[in-house]
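Per-entry structural report
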Amino acid sequence: MTEKNQKSSVVPDPFSYPDIDEAILSLLREREEFIVVGHVSPDGDCLSSQFAMAALLEEMGKTVHLANAGPFDRSEIAHLRSDFLTHIREELRARDPVVVVVDCSSADRLGHLASEIEGLTTVVFDHHASGEKFGDLRYIVPRSISTTMIIMHLYKTLDQPITEEIAEHLFFGFATDSGFFRFLGPYRGETLRMAAELVDLGVSPNAMLDRMSGGKSEGYIKYLGKLIDRAESYYDGKLMISSSYLKDGRTFSTSDRPSDALYGLLLSIAGVEMVIYFKEMGPNVTEIGFRAAHESAINVGAFAESFGGGGHRKASGVTLECSISEAKATLIEAAGRLLTP
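Residues numbered from 1 in each chain as written. Predicted model: local features only at pLDDT ≥ 70, side-chain atom pairs only at ≥ 80, totals over all residues. Heavy atoms only, no water.

Our focus in this paragraph is the overall build of the protein. Each helix and strand in the protein was counted, giving 14 helices and 11 strands. Taken over C-alpha atoms, the radius of gyration comes to 21 Å for the protein, in line with the 20 Å a tight globule of 341 residues would show. Taking the principal axes of the C-alpha coordinates as reference, the protein spans close to 60 × 55 × 35 Å. For the protein, buried positions account for 49% of its 341 residues. Counting contacts in the protein only where the partners sit at least 6 residues apart, residues at least 24 apart contribute 67% of the total. When the 33 positive and 49 negative side-chain charges of the protein are each reduced to one mean point, those points stand 6 Å apart. (Helix = DSSP H or I, 4+ residues; strand = E, 2+ residues; numbered from the N terminus. Rg over C-alpha atoms; globule rule 2.2 N^0.38 Å. Buried < 20%, exposed > 50% of the residue type's maximum accessible area, 1.4 Å probe, protein only. Contact = heavy atoms within 4.5 Å. Lys, Arg positive; Asp, Glu negative; His and termini not counted. Charge placed at Lys NZ, Arg CZ, Asp CG, Glu CD.)

A few words now on the packing of helix H3 (residues 44-59) against helix H6 (residues 147-157). For any two helices packed against each other, one specifies the crossing angle of their axes together with the interaxial distance. The contact between H3 and H6 brings their axes to 8 Å, and the two run at 15°. Judged by the inter-axis angle, H3 sits roughly parallel to H6. Handedness of the H3/H6 crossing: left-handed. From H3, Asp45, Ser48, Ser49, Ala52, Met53, Ala55 and Leu56 reach across to H6, where they touch Thr147, Thr148, Ile151, Leu154 and Tyr155. Among the residues forming the contact of H3 with H6, the class breakdown is 7 nonpolar, 4 polar and 1 charged. (Axes fitted to C-alpha atoms, helices over the stretch in contact; angles between N-to-C directions. Parallel < 35°, antiparallel > 145°, perpendicular 65-115°, else oblique. Left-handed = near helix turned anticlockwise from the far one by under 90°. Nonpolar A, V, L, I, M, F, W, Y, C, P; charged D, E, K, R; others polar.)

Once that is clear, we can look at the packing of aromatic side chains. Counting across every chain of the model gives 14 aromatic pairs. Both rings, one in Phe171 and one in Phe174, keep their centres 5.5 Å apart while their planes meet at 75°; by these two values the pair is edge-to-face. Of the two residues, Phe171 and Phe174 are both situated in helix H7 (residues 164-177); the distance of 3 residues between them amounts to about one turn of the helix. In this structure, Phe171 and Phe174 share a single accessibility class: buried. Seen in terms of ring centroids, Phe180 and Phe181 are 5.4 Å apart; in terms of plane orientation they differ by 75°. Their pairing is edge-to-face. Counting every residue linked through ring pairs, the aromatic cluster contains Phe171, Phe174, Phe180 and Phe181. Between Arg188 and the ring centre of Phe15, over which it is positioned, the NZ or CZ distance is 4.8 Å. The side chain of Arg291 reaches across the aromatic face of Tyr263, ending 4.0 Å from its centre. (Phe/Tyr/Trp six-rings, centres within 6.5 Å; stacked < 30°, edge-to-face > 60°. Lys NZ or Arg CZ within 6 Å of the ring centre and 35° of its normal.)

Glancing now at the sheet that holds strand S5 (residues 137-140). The strand order across the open sheet formed by 5 strands is S2-S1-S3-S4-S5, and the pairing between neighbours is parallel. Each edge of the open sheet carries a strand with a single partner, namely strand S2 (63-67) and S5. Ignoring which end each strand starts from, the neighbouring axes of this sheet average 15° apart. Where strand S1 (residues 33-37) meets strand S3 (residues 98-102), 4 bridges bridge the pair, whose relative direction is parallel. Bridge assignment links Phe34 to a residue of S3, and that residue is Val98. Packing against the sheet, H3 makes contact with S1, S2, S3 and strand S4 (122-126), and its axis sits at approximately 170° to S2. Contacts from H6 reach S3, S4 and S5 within the one sheet, and its direction differs from that of S4 by about 115°. (Pairing = 2+ DSSP bridges.)

Now the structure itself:
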């Protein structure tokens, strides 16, 4: 047998979710009022995790409040704005609720809610490896493809039923964070088995895909086309960048964000290892997203963390208090140190 075949015959230990600390389980069982909080600019995994966690606690007979700083300006989530508190009022704080934070790697990602929950007992459920640790108790599983899969494991641990409605939330979070299965690597059968359970509970994968990718406006398509037209290549094609400006909001009539589609298209170019997307939020505020190709050794989570952000190995972000031109100059140079010998 060749050395190559010998290596390929070694199968890693299959992944399974670690046991949840009894201190966390006791807290969820014993306390009566909770606030479930997610990160700013919530995505599918964040919102789905919040809804699934709230439903779990309500099934256990608890009083539950959902909170998120938003914004909820994207068309696919705008209708959810009224379901969430945007501030934690003093009368609620005075009742000493437990705060359950989901899908958030650092306190600053909670926006202004971070200061409003200070002093309250906080437990964190997340799958982001980077970011500053916070909270009194934490259940962090970086190998979980989504936070909703962690919440599903919690349902099973607490022996709580998963309804069809909750199954849809759990699957949607998984589908968005896995790129609808595209980001799954080998030896992840447990994820497929969990997804199959949700399908058996009534989830329609093709309806989920339509929900993720369909219903876009003409303005969205034109905006995406402009971002592609602005794409620039650096370091022999290993880095692609694109930029969004405040003026685009006046030019293109859409509240949807085309960044996810943009990342996928730019990463599909041969030789591209990393994509950086710069979004001008104000005169001196720039939001930056990072994506790495599946085969790239670059850890964009660690890269973002070095600038105060965080995320996954293959997807991360940061917000910098500087102009978009300054952000581009700084990060393109920094990326070059990763991409060139």
